[in-house]
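# Structural features, examined
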Amino acid sequence: MFGYGFYVDPERCIGCRACENACAECDTHRGTSMIHVDFIDRRNSIASVPTVCMHCEQPTCAEVCPADAIKRSDDGVVQSSLKPRCVACNNCVVACPFGVPKMMTQLEQMMKCDMCYDRTSVGKRPMCATVCPSQALAYVQPDRIQVGRRETPTNRFRFGNQVITTKVHMMAPAGRDAIAVDVVDYMWEAQR
């Protein structure tokens, strides 16, 4: 599906978890979902957001891997660790700014969303995007994503002074060229 992009629209997530179930059906995941739905401020809200790997242009998970087990394919997809190389050190789990990699202790291997590479590499959509009823997860051509949406896609994220560019786009309020994610901001709100 040349020319297609992966888009996440948190405002459209209804928390149904269909994406998690579909992800577990992907052949490369061995029956385990590599994405998850997070509930934001669960005490006060029903708001939820799907969490998928953002496939960073310079993946921190791969940079901190002492065994060189995490690779980024030529098309920008950051793969799960290579089983023979992964030493289950958890460096990638701790280093990911998006909190995506999971250490599968029974396998002694890090696994994460690989955008259903077994499907997307042969022209199919990722499993999660095929079942999302609200289009919170979409795998479409860039000109189709803004149809009927107020938000605009961005693939730039600010963590303090660091800017991370990703393959996956997130829908952001119109006019924003990046999404600022600063833990200190959230800590401040929690202290009020």
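Each remark here, short or long, concerns the structure printed above.
On a predicted model such as this, the values are computed, not experimentally measured, just so you know.

### Brief notes about the overall build of the chain
A count of helical and extended segments in the chain gives seven helices and nine strands. Across its three principal axes, the chain shows a C-alpha extent of roughly 45 × 45 × 30 Å. Counting every position in the chain, which comprises 192 residues, the buried fraction comes to 44%. A total of about 10,700 Å² of accessible surface is found on the chain, and carbon and sulfur atoms cover 50% of it. Looking at the chain, you have 22 positive and 21 negative side-chain charges, and the mean spots of the two groups are 2 Å apart.

### What about the environment of I46?
Structurally, I46 is set in the loop between β2 (36-39) and β3 (48-51). With 106 residues separating them along the chain, I46 and T152 place their C-alpha atoms 24 Å apart.

### A look at the side chain of S134
As for its position among the elements, S134 is in the loop between α5 (127-131) and β6 (137-140). Aside from chain neighbours lying at most four places away, what touches S134 is R12, C13 and I14.

### Points about the pattern of salt bridges
Under the counting rule described, the total for this entry stands at seven salt bridges. Note that D9 is salt-bridged to R12, the shortest N-O span being 3.6 Å. A relative accessible area of 28% means that R12 is categorised as partly exposed. For D68, the salt bridge goes to K71, with nearest N and O atoms at 2.6 Å. The class of K71 is partly exposed, set by a relative accessible area of 34%. Residues joined in a network through salt bridges with shared partners are D9, R12 and R149.

### What to know about the packing of aromatic side chains
In total, this model carries four aromatic pairs according to the counting rule given. Both rings, one in F98 and one in F159, keep their centres 5.3 Å apart while their planes meet at 85°; by these two values the pair is edge-to-face. Of this pair, F98 sits in the loop between α3 (91-95) and β4 (102-104) while F159 is found in strand β7 (residues 152-159), placing the two residues 61 residues apart along the sequence. We classify F98 as partly exposed; its relative accessible area is 21%. Note on F159: relative accessible area 17%, which makes it buried. An aromatic cluster is built from Y4, F6 and Y139, whose rings are joined through pairwise contacts.

### So, the sheet that holds strand β1 (residues 5-8)
Within the open sheet, the five strands sit side by side as β6-β1-β8-β7-β9. Their pairing is mixed. The two strands at the open ends of the sheet, each matched to only one other strand, are β6 and β9 (179-180). Both β1 and β6 contribute to a ladder of four bridges, which runs antiparallel. Within β6, the position partnered with Y7 by the bridge is A138.

### Remarks on the environment of E151
Along the chain, E151 falls in the loop between α6 (142-145) and β7. Under the relative-accessibility criterion, E151 is labelled buried at 9%.

Rules of the game
The residue numbers shown here count from 1 along each chain, following its written sequence. Under the rules for a predicted model, residues below a pLDDT of 70 receive no local features and side-chain atom pairs below 80 are neither given nor counted, while totals for whole chains, interfaces and linings still include all residues. Heavy atoms throughout the structure, all of them, feed into the side-chain values; hydrogens and water do not. Helix and strand assignments follow DSSP, with helices taken as H or I runs no shorter than four residues and strands as E runs no shorter than two, numbered in order from the N terminus. The classification of residues rests on relative accessible area computed with a 1.4 Å probe and restricted to protein chains. Under 20% of the type maximum is buried, over 50% is exposed, and intermediate values are partly exposed. Residue-level accessible areas treat just the shown protein chains as cover; the underlying method is Shrake-Rupley with a 1.4 Å probe. In summary, the charge assignment counts Lys and Arg as positive and Asp and Glu as negative, without counting His or the chain termini. Here the site of a charge means atom NZ of a Lys, CZ of an Arg, CG of an Asp or CD of a Glu. Pairs of residues are marked as contacts when any of their non-hydrogen atoms sit within 4.5 Å. We define a salt bridge as a side-chain nitrogen of Lys or Arg found within 4 Å of a carboxyl oxygen belonging to Asp or Glu. Working definition: a ring pair exists when centres of Phe, Tyr or Trp rings (six-membered ring for Trp) sit within 6.5 Å. Plane angles under 30 degrees give stacked, over 60 give edge-to-face, the rest tilted. At least two DSSP bridges between two strands are required for those strands to pair.

Nothing here speaks to function; it is all geometry.
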